[in-house]
Amino acid sequence: MGTTRALLPGQVIVSLNFDDCLATQTTGAALMEARGMRGTFYVHSTRMGLSGRLTLAQVQALRDAGHEIGGHTLTHPHLTELSADEQRREICNDRVALLNAGFRVTSFAYPFGDKDSTTRQIVMDCNYNSARESGGLRTSSSGSSPAAEPVPPADPYAIRTHGSVQATTTLTDLKNYVLRAEESGGGWVPIVFHHICGPCNPPQTYSISPTLLTSFLDWLAPRVSRGTTVATMDAVIGGVLKPPVSWPPTQLLRNPSLETDLNGDGTPDCWQRGGFGSNTFTWTRTSDAHGGSWAQQVRITAISSGDRKLITRQDDNTCTPTPTTGHHYRISAWYKATTSVRFKAYYRTSAGAWEYWAQGPLLPARTSYTFAEWMTPPAPSEARALSVGLSIDRVGTLTMDDFALSDVEASASP
């Protein structure tokens, strides 16, 4: 990924952002187009055509006029209040829907600016090239925050702004966002708008009147003579359009929730209780489940070497998925443990032998069920089948449930 330009000292790029698929934003588009400017419109695929929202035809018209269309989730939730899977559905599937509607979608905006490290990684996994926050840039003449983002940005998945423009924002405020950037050595200034109305009925906190927006754009347009230009988010970030990623991906495991045990031996069908070395352990089919009725628990009471693990049964492919050479595989599970644990992966060779392949990083002890996932290295050419699971290699207890395994590349449609 690279940017389309290198900035000279004092040069500023302003990106005009419009969030939430609001119908009044067609006014903003017309005002920009009249001055040779184009903006980035962050829309929700599920909200187009609803009352007060842009229709699909209007969003298509924005695209055809040269504006950028970005993703903003399916339903505008506080993402960090959702599980990782729910976040993936909101972020990935919104992008898939927009791509299927014919839009080039590379830019994302966090609803409410709400994100954490998990959310950031999911945006990357959904194949966005960038993501925009709310806030982080200096909104006054003093303070330690920067006046502008550098180009390229410090973190393309945490692009900073001055927060959203509000009904109380003045023309002087808007000018100062740009002037401070010019006077501080230049950089990138994304400015975020919502409702464009005045007066708004009902009143809207996050709004700007057409008159004020017109005045700001009239002031901004001639600043091109001193190197201050307007560009979309995608134009600044650059990079190729990556393929869509749907969620959930195809589940490759059989009996992933560990519920089925047809022979009643305590070990779930298509799984095996494995391990090696010198250790004392006990296995239990426990009703302390994350989902359904059953989970698996292993307790090590003494250990001098080796480990204990629940892994998919290493058989003749009845229970083990067949890998694609070079593909990565994402394994996840819900677990709780009194000590650190980790994912492990094995593969079967063409000769029929099972080989140790790789392991994930140590996962911390958890007193309640916690979601964890790990992505394997690329599958080697000699791999004919996969076996994956969770392991413990020290004194303690591991309880696990609700596994999943997916092909990362296969979930990205060409």
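Trainee: Could you clarify how one ought to interpret the overall build of the chain in this entry?
Mentor: Check the secondary structure of the chain and you find seven helices and 20 strands. When its C-alpha atoms are laid out on the principal axes, the chain stretches across 75 × 45 × 45 Å. Residue burial in the chain is summarised as follows: out of 414 residues, 51% are buried. Within the chain, contacts between residues separated by at least 24 positions form 75% of all contacts whose residues are at least 6 apart in sequence. If you sum the accessible surface of the chain, you get close to 16,900 Å²; carbon and sulfur atoms cover 51% of it.

Trainee: How should I be thinking about the packing of aromatic side chains in this particular structure?
Mentor: For any two aromatic rings, the description comes down to two numbers: the centre-to-centre distance and the angle of the planes. Summed over the entire model, instances satisfying the criterion amount to nine aromatic pairs. In this structure an aromatic cluster arises from ring pairing among Phe-18, Phe-41 and Phe-193. Sitting above the plane of the Trp-247 ring, Arg-88 keeps its charged end 4.7 Å from the centroid. The residue whose ring lies beneath Arg-308 is Phe-281, and the NZ or CZ to ring-centre distance is 4.0 Å.

Trainee: What's the story with the state of the cysteines in this structure? I'm lost.
Mentor: What makes a disulfide is a covalent bond joining the sulfur atoms belonging to two cysteines. By the definition in use, this model includes three disulfides. Put simply, Cys-92 and Cys-126 are joined by a disulfide, and their sulfur atoms are 1.9 Å apart. One disulfide, between Cys-92 and Cys-126, carries an S-S torsion of -85° and so falls in the left-handed class. Here Cys-126 lies in the loop between α4 (117–125) and β5 (130–136) and Cys-92 lies in helix α3 (residues 84–100), a separation of 34 residues in the sequence. No difference in accessibility class separates Cys-92 from Cys-126, as the two residues are buried. In this model, Cys-197 is linked to Cys-200 through a disulfide, with the two sulfur atoms separated by 1.9 Å. Measuring handedness by torsion sign, the sulfur bridge of Cys-197 and Cys-200 sits at about 90° and is right-handed.

Trainee: What is the right way to look at the side chain of Glu-68 in this model?
Mentor: Here Glu-68 lies in strand β3 (residues 68–71). Of the side chains with opposite charge, Arg-104 comes closest to the buried, unpaired Glu-68, at an N-O distance of 6.7 Å.

Trainee: Just checking my understanding: could you explain the nonpolar core for this structure?
Mentor: Soluble globular proteins tend to bury their nonpolar side chains together. Core analysis: the biggest nonpolar cluster contains 51 residues, and Leu-16, Ile-191 and Phe-216 have the highest contact counts within it. When residues no more than four places from it in sequence are discounted, the contact partners of Ile-191 are Val-14, Ser-15, Leu-16, Asn-17, Val-165, Leu-174, Tyr-177 and Phe-216. Within the second largest apolar cluster, 33 residues are counted, among which are Leu-310, Ala-333, Ala-358 and Leu-398.

Conventions used here
Residues numbered from 1 in each chain as written. Predicted model: local features only at pLDDT ≥ 70, side-chain atom pairs only at ≥ 80, totals over all residues. Heavy atoms only, no water. Helix = DSSP H or I, 4+ residues; strand = E, 2+ residues; numbered from the N terminus. Buried < 20%, exposed > 50% of the residue type's maximum accessible area, 1.4 Å probe, protein only. Contact = heavy atoms within 4.5 Å. Areas by Shrake-Rupley, 256 points an atom, 1.4 Å probe, with all protein chains shown as cover. Phe/Tyr/Trp six-rings, centres within 6.5 Å; stacked < 30°, edge-to-face > 60°. Lys NZ or Arg CZ within 6 Å of the ring centre and 35° of its normal. Disulfide = S-S within 2.5 Å. Lys, Arg positive; Asp, Glu negative; His and termini not counted. Salt bridge = Lys/Arg side-chain N within 4 Å of Asp/Glu carboxyl O. Core = buried A, V, L, I, M, F, W, Y, C linked by side-chain atoms within 4.5 Å.

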